[in-house]
Amino acid sequence: MLKTGLTSATAIGLVTACATAQEAQTPGWLEKDFVELTDQFEGRWDNDRHVFFADAAGLDEATLAPRQHIEVTRVALAGDEQSAPLTIKFKATRTVEGEMSTELIHTFTIDAASQTIRQTLAAPAGVLPPEPFDCQIHWARSSGQFKGTATGEACPLIFTRPADGGDLKVTLTLSEQEFWVQSARGDALVEARMRRARPFECWTAILRGAEHGDSGEGMNDWDFRRGVMLHDQGGVAELLTDEETPRRIRLKLRDVDWPYGTNRPSLTMYVHEGESDRAVSYTWTEAGAERIGINLRWIQASCTHTPDAVAD
């Protein structure tokens, strides 16, 4: 009887161990999704197109998140986490117009039980945070993109809009070029439709003493600069001339993918003077181009996509 009992107990233990091993095993497709999702998450994101074209596209401005730019970079793992091959941390710096920049640490792991990719969020403390917020995002592939749902009592601290209207519901969509975040409370909805921003490095030359419309004939006193940085989702580079009365010139770069109509997508460079939001001139080329330039006689500029550069 005792022998039979021990045999049964051993068998049950083996079955339980096998079941636990099977439950903990991560399928190959989920590992592949983890690599693809985290690769896509890294980079720079900006909702310039969503905000700039909202009125022309007939969007309700009350649903728009403020103009924002997010830079996502990987951070090194420390201690025991170095042995976890499917754990990746990112630092995300979010800049919103009119507000101070904020930082969050995002940690991605695989949840084998639910067969999803789990993202946790935490405030930075040195390089790595001590404790995460009670706010998690579970991601799963949906056709050619990934969809995530945020849950947890601390999520309203991260997704602050809309402030009223009922329980908070947050959904996220990520693809190679698009990152959308939608927050809803009842009928109240706020959305940030961000696009991947590419950094560009430019050289510029401004003719001292010349004005817009001048031919520049007989003049050759140039204010020449290299290493001027901006990005292609409404990024701006400000140039202040070294003349006795300095002039403020701004270059803006926008890889336009129109949210309405049938216009062809174009990479566009705008030239602004002073405080005016109306460009004195602009030029364009095909969307996704690696290089764009302009020559107005009084100003010249050439910008080239530089993947490893840091664009403001």
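Everything below is about the structure printed above this text.
Every chain begins its residue count from 1, and numbering advances along the sequence as written. Local features in this predicted model are restricted to residues whose pLDDT is 70 or higher, and side-chain atom pairs enter the listing and the counts only when it is 80 or higher, whereas totals over whole chains, interfaces and linings include all residues. With hydrogens and water stripped out, all remaining heavy atoms of the structure feed into the side-chain values.

(A) How the structure looks around the pairing of strand β7 (residues 145-151). Taking every second residue as pointing to the same face, the buried face of β7 carries F146, G148 and A150, while none of Q145, K147, T149 and T151 on the other face is buried. Two strands make a pair as long as DSSP finds a minimum of two bridges between them. Secondary structure elements follow DSSP: runs of H or I no shorter than four residues count as helices, runs of E no shorter than two count as strands, and numbering proceeds from the N terminus. With seven bridges joining them, strand β6 (residues 136-142) and β7 adopt antiparallel strand pairing. Within β7, the residue paired with H138 across the bridge is T149. If you look at the hairpin formed by β6 and β7, you'll find two residues sitting between the two strands, and S143 has a positive phi there, around 60°. In terms of strand pairing, β7 meets strand β8 (residues 168-174) through five bridges, oriented antiparallel. Accessibility here uses a 1.4 Å probe with only protein chains present; expressed as a share of the type maximum, an area under 20% marks a residue as buried, one over 50% as exposed, and anything in between as partly exposed.

(B) How the structure looks around unusual backbone geometry. The omega torsion across R161 and P162 is -5°, close enough to zero to call that bond cis. Mapped onto the secondary structure, P162 falls in the loop between α4 (155-158) and β8. Not every positive phi belongs to a glycine, and Q115 is a case in point at roughly 55°. With respect to the element layout, Q115 can be found in the loop between β4 (102-111) and β5 (116-122). Residue Q115 is classed as partly exposed on the basis of its relative accessible area of 39%.

(C) Spotlight on the side chain of H305. Note that H305 resides in strand β18 (residues 299-305). Reaching out from H305, the side chain makes a polar contact with the backbone oxygen of P199 at a distance of 3.0 Å. Not counting the four nearest positions on each side in its chain, H305 is found in contact with R198, P199, F200 and E290. Polar contacts, as used here, are pairs of N or O atoms within 3.5 Å; protein pairs need one atom able to donate a hydrogen and one able to accept it. Residues neighboring in sequence count only if both atoms are side-chain atoms. Here, residues are in contact when the closest pair of their heavy atoms is within 4.5 Å.

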